Amino acid sequence: MNYGDSQLKQIHCHDFIPMFELQYPDYKWHNEQAALYEVICAAFKAGTCRDPPNSIIPFRQARAIYGIDMMLEWSFGQTSGQRTMVPQLLEVNYCPDCVRACKYHPNFFNDIFAFFFFGHTAEETNMTRLV
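Right, let's get into the packing of helix H1 (residues 13–23) against helix H2 (residues 29–47). Where H1 meets H2, the closest approach of the two axes is 10 Å, and the angle between their N-to-C directions is 110°. Classified by the interaxial angle, the pair formed by H1 and H2 is roughly perpendicular. Taking contact as the criterion, the partners of Phe 16, Ile 17, Phe 20 and Glu 21 in H1 are, on H2, Trp 29, His 30 and Glu 32. Split by residue class, the contact of H1 with H2 holds four nonpolar, one polar and two charged.

See below:
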């Protein structure tokens, strides 16, 4: 999702993480990323917890690509009163537009197919296994 008329600035992970930790020295990106991954896992668990047709049907041979839009929102801990970043799931899209992914990662689809269909590991294909 790109809101507004502003110019989108693409920042790669290897540049983003040091910038994030410089701007927010009390927060480590790996902790925030782990919280984002927890929300993603919870969303897919919720999406598969009921019987069809009210759920995504679990099928070991099925493969799909989902686009996930998330952001971090500032919140204050109810007990600690400390400011924290809380992941917010904005939307999940089945079969998303992958133009930008291919533009910045030319092997995007090669990696996905190698992982999904040819048994390559997450490490070999620049992916992160969440479960």
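Nonpolar side chains tend to gather and get buried jointly when the protein is soluble and globular. Counting residues in each nonpolar core, the largest one holds five residues, listed as Phe 20, Tyr 27, Trp 29, Leu 36 and Met 85. Residue contacts for Trp 29: discarding those within four places in its chain leaves Phe 16, Ile 17, Phe 20, Glu 21, Leu 36 and Leu 72.

Glancing now at unusual backbone geometry. Working note: non-glycine residues mostly have negative phi, and peptide bonds are mostly trans. With an omega of 10°, the peptide bond running from Pro 52 to Pro 53 counts as cis. Backbone geometry places Cys 95, a non-glycine residue, at a positive phi of 55°. By the element assignment, Cys 95 lies in the loop between strand E2 (83–94) and helix H3 (99–104). Residues other than glycine seldom take positive phi values, yet Asn 126 does so here, at roughly 60°. Residue position: Asn 126 is located in the segment after helix H4 (108–117). Look at Asn 126 and you get exposed, because its relative accessible area is 66%.

As for its position among the elements, Ser 55 is in the loop between H2 and strand E1 (66–76). Side-chain polar atoms of Ser 55 contact the backbone oxygen of Gly 47, separated by 2.9 Å.

It is worth spelling out the pairing of E2 at this point. As defined by bridge partners, E1 adjoins E2 across eleven bridges and the pair is classed as antiparallel. Pairing of Leu 72 across the sheet is with Pro 87, part of E2. What sits between the antiparallel neighbours E1 and E2 is a turn of six residues, in which Gly 81 has the positive phi angle 75°.

Turning our attention to the environment of Ile 68. Examined against the element boundaries, Ile 68 turns out to sit in strand E1. Overall, Ile 68 belongs to the partly exposed group, its relative accessible area being 30%. With 55 residues separating them in the primary sequence, Ile 68 and Glu 123 have C-alpha atoms 21 Å apart. In this structure Ile 68 touches Ile 40, Phe 44, Leu 89, Glu 91 and Val 92, once residues within four positions along its chain are discounted.

It is worth spelling out the packing of aromatic side chains at this point. Ring pairs (aromatic) are described by centroid distance and by the angle formed between their planes. This structure, assessed with the given rule, holds twelve aromatic pairs. Geometrically, the ring pair formed by Tyr 27 and Trp 74 is edge-to-face, given 5.4 Å between the ring centres and 70° between the ring planes. Taken together, the residues span a long stretch of sequence, with Tyr 27 in the loop between H1 and H2 and Trp 74 in strand E1 at a distance of 47 residues. Among the aromatic side chains, those forming a connected cluster through ring pairs are Phe 16, Phe 20, Tyr 24, Tyr 27, Trp 29 and Trp 74.

We now examine a nonpolar patch on the surface. Together, Ile 56, Tyr 66, Leu 89, Val 92 and Tyr 94 make up an exposed nonpolar region whose accessible area comes to about 440 Å². Per-element tally for the nonpolar patch: the top contributor is E2, with three residues. With respect to the element layout, Tyr 94 can be found in strand E2.

Basis of the calculations
Residues numbered from 1 in each chain as written. Predicted model: local features only at pLDDT ≥ 70, side-chain atom pairs only at ≥ 80, totals over all residues. Heavy atoms only, no water. Axes fitted to C-alpha atoms, helices over the stretch in contact; angles between N-to-C directions. Helix = DSSP H or I, 4+ residues; strand = E, 2+ residues; numbered from the N terminus. Parallel < 35°, antiparallel > 145°, perpendicular 65-115°, else oblique. Contact = heavy atoms within 4.5 Å. Nonpolar A, V, L, I, M, F, W, Y, C, P; charged D, E, K, R; others polar. Core = buried A, V, L, I, M, F, W, Y, C linked by side-chain atoms within 4.5 Å. Buried < 20%, exposed > 50% of the residue type's maximum accessible area, 1.4 Å probe, protein only. Polar contact = N/O pair within 3.5 Å; in protein donor to acceptor, adjacent residues only side chain to side chain. Pairing = 2+ DSSP bridges. Phe/Tyr/Trp six-rings, centres within 6.5 Å; stacked < 30°, edge-to-face > 60°. Patch = residues over 30% accessible without salt bridge, like charges linked within 9 Å, V, L, I, M, F, W, Y side chains within 5 Å. Areas by Shrake-Rupley, 256 points an atom, 1.4 Å probe, with all protein chains shown as cover. Salt bridge = Lys/Arg side-chain N within 4 Å of Asp/Glu carboxyl O.

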